[in-house]
Structures are given as structure tokens and as C-alpha cells.
Amino acid sequence: MSSNIHLALVHFPVYNKGGEIVVSSVTTLDVHDISRTCRTYGVESFYLITPLETQQRLVRRVVDHWVTGHGAEYNPTRKEALVRTRMGNSLQDVLDDIRERTGQDAKTLITDAKTFPQSIGYERMKAVLGESGQFLLVFGTGWGLEKRIVQDADYVLAPIEGVNGFNHLPVRGAIAIILDRLFGRDPLRNQ
């Protein structure tokens, strides 16, 4: 369905609680859950971005277990979800990989918990995503993406608004909500 849509989870550069730029930790739950969510919504590839070799080895070990190891036989649907999971050292490496694999530069769509002057709503973004070309949805970890990533983005998606002012969703939850808003179907739309 969405063969021109890619998703990246950035672990560097992101902010910590004190506003310092750090490398956040990869969690194996993110690897599993986000891969499954991406597969459900037809995302072509899911990238985990970290410059730390130890974190990259952890991700490769998890993915290899489910794609080529014992897990591939034990749970074929997990294999199907994780086969499109990739690693990147940086956001630029991911953009280069998309260009190399597709022959096109990807436009970046940044998500954030805050509204920015250039923020775009979901309905307008759906129309943009329906155009030709490659798109990379970029999600941050920690306390958000480093500001230059946001400033350099082609698009900034409007934040998810809750009902009571509390706004601190887990990234797995935010990804699921946003992918559903952009690509989900209403099975009862005509009823």
C-alpha cells in the first residue's frame, strides 16, 4: 500500500530532560512493536537511528533472531514485521539509503509534541503523502529531536492533542496513532 513511506526512530541527536543533546537508548520493545505497527500500515521500511555500535548490535541480534534465526520458524508473523527493519548511524545515512534503494530523495516529515509555525494538519498531510515521491516520517526519542532536524524538515506534523493537557505519549503509542490517522481505514465508513 504505502511503498513510498518510510519511518525513522531517532536516538541521536535528541534532548534529555535537562535540554542537553544526548544519545538515547534503544529498547527492544520499540524494535518489535514499531516494526509490527509499520507492517500493519504498509510502511516500506523502519529505521532505528543510533551511532552507538553496541545499540546497533542489539537491534541486529533481535532482528536476526526473528528474521533468520529460530524465531523465524517459531513466529512467522513476527518475521514478516521485522524483515523491513533497518539500522542507520544518522538521519543523513537513512536518507542516503532511501535514495540508493529507490532512486529518489525522500521528503522529511517530522513529528513533535509541540506546534511549530510550519506545522501541518493530518488532512493536508494525507494529500501530500498521496503525491509521488518518497517520504520519511521522523520520530524522536528522549525529550525530542534536536532543533536543527525540525528546522530542516520539509514538513512538521501537528502534535497529537489529548483531552486534559497531559502530553507525554510513549513513542510507540504516538507512532500507532499517527500512522492510523494518516493511513488507517474506517471499516464502517459507509454504514
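Residues numbered from 1 in each chain as written. Predicted model: local features only at pLDDT ≥ 70, side-chain atom pairs only at ≥ 80, totals over all residues. Heavy atoms only, no water.

Trainee: Help me understand the overall build of the chain, please; the structure alone is not making it clear to me.
Mentor: A tally of regular secondary structure across the chain gives eight helices and nine strands. Judged by the C-alpha coordinates and their principal axes, the chain covers about 50 × 45 × 40 Å. Each of the 191 residues in the chain was classed as buried or not, and the buried ones make up 44%. In the chain, the proportion of contacts linking residues at least 24 apart, taken out of those at least 6 apart, comes to 79%. Within the structure as shown, the chain displays about 10,500 Å² of accessible surface, and the carbon and sulfur contribution to it stands at 49%. (Helix = DSSP H or I, 4+ residues; strand = E, 2+ residues; numbered from the N terminus. Buried < 20%, exposed > 50% of the residue type's maximum accessible area, 1.4 Å probe, protein only. Contact = heavy atoms within 4.5 Å. Areas by Shrake-Rupley, 256 points an atom, 1.4 Å probe, with all protein chains shown as cover.)

Trainee: Please explain the pattern of salt bridges as it appears in this structure.
Mentor: Should their charged atoms come close, side chains of opposite charge can pair. Under the criterion given, the structure shown has twelve salt bridges. The residue arginine 39 makes a salt bridge to glutamate 80 at a minimum N-O spacing of 2.4 Å. Taken together, the positions of arginine 39 in helix H1 (residues 28-40) and glutamate 80 in helix H4 (residues 76-82) put the pair 41 residues apart, joining distant regions of the chain. On the basis of relative accessible area, arginine 39 is assigned to the partly exposed category, the value being 33%. Taking relative accessible area as the criterion, glutamate 80 reaches 37% and is therefore assigned partly exposed. (Salt bridge = Lys/Arg side-chain N within 4 Å of Asp/Glu carboxyl O.)

Trainee: Help me understand the packing of aromatic side chains, please; the structure alone is not making it clear to me.
Mentor: The description of two aromatic rings rests on the distance between their centres and on the angle between their planes. Applying the stated criterion across every chain, the model contains zero aromatic pairs. Note that arginine 78 overlies the ring of tryptophan 66, its terminal NZ or CZ placed 4.9 Å from the centroid. Here arginine 181 stacks its cationic end above the ring of tyrosine 122, 4.9 Å away from the centre of that ring. (Phe/Tyr/Trp six-rings, centres within 6.5 Å; stacked < 30°, edge-to-face > 60°. Lys NZ or Arg CZ within 6 Å of the ring centre and 35° of its normal.)

Trainee: Is there a simple way to explain the side chain of threonine 111 in this structure?
Mentor: Within the fold, threonine 111 resides in strand E6 (residues 106-111). Of note is the side chain of threonine 111, whose polar atom sits 3.1 Å from the backbone oxygen of valine 138. What threonine 111 contacts, discounting residues up to four positions off in sequence, is Val138, Phe139, Leu145, Leu157 and Ile178. (Polar contact = N/O pair within 3.5 Å; in protein donor to acceptor, adjacent residues only side chain to side chain.)

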